[in-house]
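Coordinate inspection notes
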Amino acid sequence: MDGAVRLDSAVRPARAIPKTQSLWQRRLVHNLTGHGFLAGAVVCFAVFSWYPMVREFIMSFQRTRRGVTTWVGWDNYVRLWHDPSFASAWRNTAMFTLLALVIGYALPFFIAVLLNELRHARGYLRAVVYLPVMLPPASALLLFRYAYDPSDAGIFNHLLHAVHLPTSQWVQSTAMTTPSLVIAATWMNVGSSILVYLAALQNIPGELYEAAELDGAGLLRRLWHVTVPQTRLILSLMFLLQVVATMQVFIEPLILAGGAGVEDSATSVVYLMYQHAFKQNDLNGAAALGVMLMVVLAGFSVAYARLSPKQD
């Protein structure tokens, strides 16, 4: 009996080995897995970015009164064009952007170069320059509001008076409003740019600097012929991001100058949008203004991408 059982087990055919998945099946599973991970990001973009932009574009051609929405075509745009604050808002925004580029674009790069050249207390100095970024923007601007006090009680006027220089009215003056806003905005955001530039500088091969030193290049020549070309991509990206960010200035004029400032000297495009939406209950006008700003920024981005030198 035992021999028969052993014989049966010996002649029993082996279990068939399952075939492996074909190449197209593996590719299908791989692609489905990747698209599954991307689905969450796509849904977030669709709900919180793309849909609001489409909705804003549609609202800019409508008018809603007492719950009734009607199509009005270009009326909202024409009405904004004749708004007394429209021209000054665009002018102030453009001036703020230009001054922010002059001060807030070059200054972080040179500070980063200086910190990169130091041999001691690097970590401490990096923490110091990044400290303003850690402060809430409203709190930092309230400090600047106190510092911009037009009397001698203000910190800036007190320092100017101490060195026998003429004081200023700062945000209470039409001529100094925009520079005052730029100074505050630069102080609040300079730390982030410095860290980005420092990361870019750390990736430059040291052999390039050694070769430049052997050729007798000084600090300025090494900066111009080695540092700038090696960080050109980061400089180009930061330039574009800064223009887009400064064109959307809002919280600085809102807190420091009360919104519009003296004779509309602080009114920005985004603040004018805020006025139409929440002060005048004109959501359609605010949407039209938002579409204008979006078109201007998109046009600048496309033009800059086409005109900027291609990277290798």
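This text goes with the structure placed above it.
This structure is a prediction, so every number in the text was calculated from the model and none was measured.

Even without a glycine there, the phi angle at tryptophan 170 is positive, about 55°. On the secondary structure map, tryptophan 170 appears in the loop between helix H8 (155-162) and helix H9 (177-202). Residue tryptophan 170 is classed as buried on the basis of its relative accessible area of 10%.

As for its placement among the helices and strands, serine 173 is situated in the loop between H8 and H9. Measuring from C-alpha to C-alpha, the distance between serine 173 and proline 150 comes to 9.3 Å, with 23 residues separating the pair along the chain.

A few words on the packing of helix H10 (residues 206-214) against helix H11 (residues 219-230). Taken N-terminus to C-terminus, the directions of H10 and H11 make an angle of 160°; their axes are 10 Å apart at the nearest point. Here H10 lies roughly antiparallel to H11, going by the angle between them. With respect to the hand of their crossing, H10 and H11 are arranged in right-handed fashion. Contacts from Leu208, Tyr209, Ala212 and Glu213 of H10 reach H11 at Arg222, Val226, Thr227 and Gln230.

Here we come to the pairing of strand E2 (residues 68-71). Regular strands place their side chains on alternate faces of the sheet. For strand E1 (residues 62-65) and E2, the ladder comprises 4 bridges, and the chain directions are antiparallel. Of the residues in E2, the one forming a bridge with threonine 64 is threonine 69. The turn joining E1 and E2, which pair antiparallel and follow one another in sequence, is formed by 2 residues; a positive phi near 55° is taken by arginine 66.

A few words on the pattern of salt bridges. Taken as a whole and judged by the stated rule, the model has 1 salt bridge. The partner of aspartate 282 in a salt bridge is arginine 79, with the nearest N and O atoms 2.6 Å apart. Here arginine 79 lies in helix H3 (residues 75-81) and aspartate 282 lies in the loop between helix H14 (269-279) and helix H15 (283-307), a separation of 203 residues in the sequence. Exposure remark for aspartate 282: the relative accessible area of 5% places this residue in the buried category.

Turning to the packing of aromatic side chains, a few remarks are in order. Evaluated as defined, the whole model comprises 23 aromatic pairs. Note on phenylalanine 86 and tryptophan 90: the rings are 6.2 Å apart at their centroids and 65° apart in plane angle, and the pair reads as edge-to-face. Of this pair, phenylalanine 86 and tryptophan 90 both sit in helix H4 (residues 84-104), 4 residues apart, roughly one helical turn. Given the relative accessible area of 8%, phenylalanine 86 is considered buried.

Reading the values: the criteria
- Residues numbered from 1 in each chain as written.
- Predicted model: local features only at pLDDT ≥ 70, side-chain atom pairs only at ≥ 80, totals over all residues.
- Heavy atoms only, no water.
- Helix = DSSP H or I, 4+ residues; strand = E, 2+ residues; numbered from the N terminus.
- Buried < 20%, exposed > 50% of the residue type's maximum accessible area, 1.4 Å probe, protein only.
- Axes fitted to C-alpha atoms, helices over the stretch in contact; angles between N-to-C directions.
- Parallel < 35°, antiparallel > 145°, perpendicular 65-115°, else oblique.
- Left-handed = near helix turned anticlockwise from the far one by under 90°.
- Contact = heavy atoms within 4.5 Å.
- Pairing = 2+ DSSP bridges.
- Salt bridge = Lys/Arg side-chain N within 4 Å of Asp/Glu carboxyl O.
- Phe/Tyr/Trp six-rings, centres within 6.5 Å; stacked < 30°, edge-to-face > 60°.

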